[in-house]
Amino acid sequence: MWTDVIPGVLVAVALLVAPGAAALLCCRVAWPTALVAAPPVSLALLTISTLLAAVVDSSWGPLWMLATTVLGAGVCALWSFATPWGRRTARWSPLTAAAAGQYLLGQVIALLFVVPLFLKAFVEPTTIAQRYDNAFHLNAIETIVRTGEATPVDTGQLLRGAVYPNSWHTAAALVQELSGLGLAQTVHALTLVTVLGVWPLSVWLLVEVLVRPGVVARLVTGPLSLAFAGFPLVLLDWGLVYPTILGLAAAPALAAVLIHLALDRALLDAPVRIAAIIAVMGIGVGIAHPGAALAGLIIALPITILALVRQLRGPVLGSLRRPAGSSARHASRGWSLRAVPAMDLGRAAVLMVVAVGIMAVWATMAPSTDTAPWTAFQSTPQALGEAFLGGAMSRFTLPLIVVLSALGLLGALLGRGRDPLVLLAMLGPVAVYWASSAAQDAFWRNLLSGFLYRDNFRTAAVVTLVAVPLVVAGVETLLRGLRHAVTLRRARRADPPRPDGALPTAAALVVGVLASTALSWHVSSDPHVQARFETVSDAYRTWEFADLVSGTEFAMFEDLPEHVPEDGYVIADPWEGGGLAYAFGDREVSRIYMTVERTPEEKYVDAHFHDIASDPRVCAALPADQPLYYLDLEEHRLGGNEIEDSGYLGFEGITGDTPGFDLVHRVGDVRLYEIDAC
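Predicted model only: the values in this text are computed from it and were never measured. (Residues numbered from 1 in each chain as written. Predicted model: local features only at pLDDT ≥ 70, side-chain atom pairs only at ≥ 80, totals over all residues. Heavy atoms only, no water.)

Once that is clear, we can look at the pairing of strand E3 (residues 628-632). Here E3 lies mainly inside the structure; 5 of its 5 residues are buried. Burial along E3 is two-sided: Leu-628, Tyr-630 and Asp-632 facing one way and Tyr-629 and Leu-631 facing the other are all buried. Taken together, the 3 bridges between strand E1 (residues 569-571) and E3 define a ladder with parallel strand orientation. Note on E3: the bridge partner recorded for Val-570 is Tyr-629. Judged from the 4 bridges that link them, E3 and strand E5 (residues 670-675) form a sheet pairing that is antiparallel. The partner of Leu-631 across the bridge, within E5, is Leu-672. (Buried < 20%, exposed > 50% of the residue type's maximum accessible area, 1.4 Å probe, protein only. Helix = DSSP H or I, 4+ residues; strand = E, 2+ residues; numbered from the N terminus. Pairing = 2+ DSSP bridges.)

Right, let's get into the pairing of strand E4 (residues 661-667). For a regular strand, the rule is simple: side chains alternate between the two faces of the sheet. As paired strands, E4 and E5 are joined by 6 bridges and run antiparallel to one another. Note on E5: the bridge partner recorded for Asp-662 is Glu-674. Counting the residues in the hairpin turn of E4 and E5 gives 2 residues, including Gly-668, whose phi is positive at 60°.

Let's shift gears to the side chain of Glu-142. Along the chain, the position of Glu-142 falls in helix H7 (residues 134-147). Its relative accessible area of 10% is what places Glu-142 among the buried residues. Once residues within four sequence positions are removed from consideration, Glu-142 is found in contact with Gln-176, Tyr-582 and Ala-583. (Contact = heavy atoms within 4.5 Å.)

Moving on, we get to the packing of helix H10 (residues 183-210) against helix H11 (residues 215-225). Relative to each other, H10 and H11 sit at 130°, their axes nearing to 10 Å. If you check the angle between H10 and H11, you find them oblique. Judged by the twist between their axes, the crossing of H10 over H11 is right-handed. Contacts from Trp-199, Val-203, Trp-204, Val-207 and Glu-208 in H10 reach Arg-218, Thr-221 and Ser-225 in H11. Among the residues making up the contact of H10 with H11, the classes are represented as 4 nonpolar, 2 polar and 2 charged. (Axes fitted to C-alpha atoms, helices over the stretch in contact; angles between N-to-C directions. Parallel < 35°, antiparallel > 145°, perpendicular 65-115°, else oblique. Left-handed = near helix turned anticlockwise from the far one by under 90°. Nonpolar A, V, L, I, M, F, W, Y, C, P; charged D, E, K, R; others polar.)

Within the structure shown, the criterion is met by 1 disulfide. Each sulfur in the disulfide pair Cys-619 and Cys-678 lies 1.9 Å from the other. Negative torsions about the S-S bond denote left-handed disulfides, and the value of about -80° found for Cys-619 with Cys-678 makes this one left-handed. Taken as a pair, Cys-619 in helix H27 (residues 616-620) and Cys-678 in the segment after E5 lie far apart in primary sequence, 59 residues in all. (Disulfide = S-S within 2.5 Å.)

Okay, the pattern of salt bridges next. Within the structure shown, the criterion is met by 13 salt bridges. One salt bridge in this structure joins Arg-480 and Asp-419, with 3.4 Å as the shortest N-O distance. Of the two residues, Arg-480 is situated in helix H21 (residues 456-492) and Asp-419 in the loop between helix H18 (399-414) and helix H19 (421-437); the sequence distance between them amounts to 61 residues. Notably, a salt bridge pairs Asp-586 with Arg-587, separated by 3.6 Å at the nearest N-O pair. A residue is classified by how much of its surface remains accessible, and Asp-586, at 40% relative accessible area, is partly exposed. (Salt bridge = Lys/Arg side-chain N within 4 Å of Asp/Glu carboxyl O.)

These values are about where atoms sit, not about what they do.
In structure tokens, the structure reads:
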């Protein structure tokens, strides 16, 4: 039952919120902002805890996370309360308690309608995603739990690489240890908290910074954030790229902090604090997925450039043009930076460093992706239309989302003050999506979307990060128009003006709650939306011949400890899902993932394995001090892989009559052999 997952959900919420909130509160960040901005900071502390454990050669676990949280919060508290600079720092509060309460109320209403769809999509608490990358992700979690080796370098070594962004895996390992759940249940708990908790919290902060909506718009933000064809559904029903999902869920908070830095001059009154917060949040999002962190930076880039231009045209150039002396006789001839106030010059320098830094990172993370499987599939007008009107990958988009997006664009183009900000925030993600889905020139595709492997699905998800603020702005434009119409009507009828005060606020709350309820019902009951969730469930159903692991193979994994000793070494074809014998069978396997680079000796074994009794070279390449077993799985290969292409021809045709192989257990068509030839 899904109620079995509740302990994991509670642990995941505590893990992703409490550490970051504690550190931010000690940095003199107001509690509503500290709570919604906490997940990226918690992810950074999680990574720091793994590094500290590795430095002292200790096994990482929950106590290391607790110690790192205390250490991080303590350092922040010392700076904030024990130094004259910290004590003079005002509390940072872009999100008020009232606003946070309104967002929360709307989100709770949305969850009441949407959570059943997600649970139905995941089928059962014990299912796993039958997708390509999941073979590695599940084994990485199990490795961290077993070994206590949890740094990004440790996880990278599983793939025989250098570094792998692994905060999702370390978070899942902690959730599993603290909740006592099984691996599949742990993944479900963390996924639910990510898409229904971390994602809404981050979006609230970005919406507040960009739009500053009223009561009604805040209350409908919850259902709107879960109404798109893009994030998170476009990643849930395609690749189940869990690290990317976690990174993108937290990225709006990073973008919001950068945008607030660009817009609020007062933030530079405490430069150490804001620099530390941005750096730590960037690490947190980046160690979930570097591309997600860059997506957050790209959202903030146009607004940062605009703020820089305004700063240069206003205070800086204005000061340069003013005479330095008090009279014309003593006036300065020419321009001198000495005439510019230090704060104005410093703010311009900070904005320039941020803008240039983002562009440099963007260019640096744009490798050649000519071998990537994703290609342009639509025209430029189609791509831009989808991006600006709430679509993704030619999938069905709710008409309401299209209308509100159009209203948001209209308000941004015709409005004043903050109104254009949401359109500026969209420019970067839209360019990235256009490059991956419509650009024909490889240079632009690599430059703009290479950091996400020019993957159409990931870039479509990035657009949703700014599409939500756009539709909320559309709600504000609609409400503004209605208020204006009512005012004009009352003016024509010479009605007395309605007094301000508690009644309008109470009325707005009632209207907002009703609108949020109606919108949540509309989204959850739409047949196209339900069909999309049904598509997600296809990834979790264990068919007779599953893509990754079938029900029969799961049964064999559960039986492995009865037939294979603890020091046993299981040889299996990873393209048939054999690598997951490590995660679910609790035994060492020859290869945990399909694309792990193989040595020449390993390739030879894979090509000549059936000749083990007659070819000494095969035995010589296998562990000599461990009992050897061969797990013969069902005849399905992940992603349509051909055995000739992957080089595992030596696994074909092995039976109990093959010299060197002794059948010890069988479940359906799945067989376990003990190797007695070595």
